[in-house]
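# Breakdown of the fold
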Amino acid sequence: MTTEQIIGLVLALLAMSLGLLGSLLPGLPGTPLVLLVAVGHRLYFGDTSVSNLVLTLLVLITLFSLAVDYLASVLGAKKLGATWKGLLGAVVGALIGLFFALPGLILGTFLGALLFELAGGREFNAAARAGVGAMLGLLVGAIGKLACCVTMIGLFAFNVFARSFPATPLEAAQVMIGQWLS
């Protein structure tokens, strides 16, 4: 691995760590950012970067992650009786809660769904259940996205590292001799 490749891998992993944060915080792209960094790394480093097979797997994991996030949020809220007003309130509450870190995000989702359901004419118990459902859906979606991000970053790093070194001891010796002679 050359110095340029090492620096490129480290920078890619740092950028991917933002995607890891994005899997927990709305507003930052999670798996799409990890995928974008992997594609950029491939475009810059070519054959010493991630393989086409792994890039395809990263695309599939990204699509799976987006579907899980959406389904977890909607199904969590719907399962406990949220209406479209509760879902909208959960989104608004989550966005406001972002300014208060992770506890604000969780509480904001709950309160947003609760208040929008109450404003829509639902009684308190039904509105509270919808808020709990929205909050649980958000948490399940975040856990799913986090797992997908960790998988994608690990797959990327392993593949790039493995492709940067010759496959056999004979090839390794040839590379070392070639570097020594040049």
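Predicted model only: the values in this text are computed from it and were never measured.

### Quick notes on the side chain of Arg42
Locating Arg42 in the fold gives a position in helix H2 (residues 31–45). For the buried Arg42, which has no salt bridge, the nearest side chain bearing the opposite charge is Asp47, at an N-O separation of 4.0 Å. A distance of 2.5 Å separates a polar atom in the side chain of Arg42 from the backbone oxygen of Val50. Among all residues touching Arg42, those that are not within four sequence positions of it are Asp47, Ser49, Val50, Ser51, Asn52, Leu55 and Arg163.

### Digging into the packing of H2 against helix H3 (residues 52–79)
Running from N to C, H2 and H3 point in directions that differ by 165°, and their axes come no closer than 9 Å. Put simply, H2 runs roughly antiparallel to H3. For the crossing formed where H2 meets H3, the hand is left-handed. Here Thr31, Pro32, Leu35, Ala38, Val39 and Arg42 of H2 come into contact with H3, specifically with Asn52, Leu55, Leu58, Val59, Thr62, Ser65 and Leu66.

### Digging into helix H4 (residues 84–97)
An α-helix turns once per 3.6 residues; consequently, residues spaced three or four apart project the same way. End to end, H4 covers 20 Å across 14 residues, agreeing with the expected 20 Å (1.5 Å per residue, within 8%). Listed in full, the buried residues belonging to H4 are Gly86, Gly89, Ala90, Gly93, Ala94 and Gly97. What you see down the axis of H4 is that its buried residues fit within an arc of 135°, all on one side.

### Let's talk about the nonpolar core
Met16, Val34, Ala38, Val50, Leu58, Met152 and Phe156 are the most contacted members of the largest nonpolar core, which has 18 residues in total. Contributing elements (two or more residues each) for this core: helix H1 (3–22), H2, H3 and helix H6 (124–163). Looking at this core, the element that brings in the most residues is H6, giving 6 residues. If we ignore the near neighbours within four places in the chain, the residues touching Leu58 are Leu35, Ala38, Met152 and Leu155.

### Comments concerning the packing of aromatic side chains
Following the criterion strictly, the structure yields 1 aromatic pair and no others. Note on Tyr44 and Phe45: the rings are 4.7 Å apart at their centroids and 75° apart in plane angle, and the pair reads as edge-to-face. Overall, the relative accessible area of 58% leaves Tyr44 in the exposed class.

### Section: the environment of Leu114
The residue Leu114 is located in helix H5 (residues 101–119) in this model. Put simply, Leu114 and Arg129 are 15 residues apart on the chain and 8.1 Å apart in space, counted from C-alpha to C-alpha. Contact partners of Leu114, with chain neighbours within four places excluded, come to Phe124, Ala127, Ala128 and Gly131.

### So, the confidence of the model for the protein
The predicted structure's coordinates, where accompanied by low pLDDT, should not be read in detail. Residues of the protein with pLDDT of at least 70 account for 92%, and the chain-wide mean is 85. The weakest mean pLDDT in the protein belongs to helix H7 (residues 169–181) at 69; the strongest belongs to H2 at 95.

### A few points about the side chain of Thr31
Along the chain, the position of Thr31 falls in helix H2. Side-chain polar atoms of Thr31 contact the side chain of Ser65, separated by 3.4 Å.

### A few points about the pattern of salt bridges
Enumeration over the complete set of coordinates arrives at 1 salt bridge. Here Arg122 makes a salt bridge to Glu117, at a shortest N to O gap of 3.1 Å. By relative accessible area, which is 26% here, Arg122 ends up partly exposed. When its relative accessible area of 1% is taken as the criterion, Glu117 is described as buried.

Calculation rules
Residues numbered from 1 in each chain as written. Predicted model: local features only at pLDDT ≥ 70, side-chain atom pairs only at ≥ 80, totals over all residues. Heavy atoms only, no water. Helix = DSSP H or I, 4+ residues; strand = E, 2+ residues; numbered from the N terminus. Buried < 20%, exposed > 50% of the residue type's maximum accessible area, 1.4 Å probe, protein only. Lys, Arg positive; Asp, Glu negative; His and termini not counted. Salt bridge = Lys/Arg side-chain N within 4 Å of Asp/Glu carboxyl O. Polar contact = N/O pair within 3.5 Å; in protein donor to acceptor, adjacent residues only side chain to side chain. Contact = heavy atoms within 4.5 Å. Axes fitted to C-alpha atoms, helices over the stretch in contact; angles between N-to-C directions. Parallel < 35°, antiparallel > 145°, perpendicular 65-115°, else oblique. Left-handed = near helix turned anticlockwise from the far one by under 90°. Expected span 1.5 Å × (residues − 1). Arc of directions from axis to C-beta. Core = buried A, V, L, I, M, F, W, Y, C linked by side-chain atoms within 4.5 Å. Phe/Tyr/Trp six-rings, centres within 6.5 Å; stacked < 30°, edge-to-face > 60°. pLDDT = per-residue confidence, 0-100.

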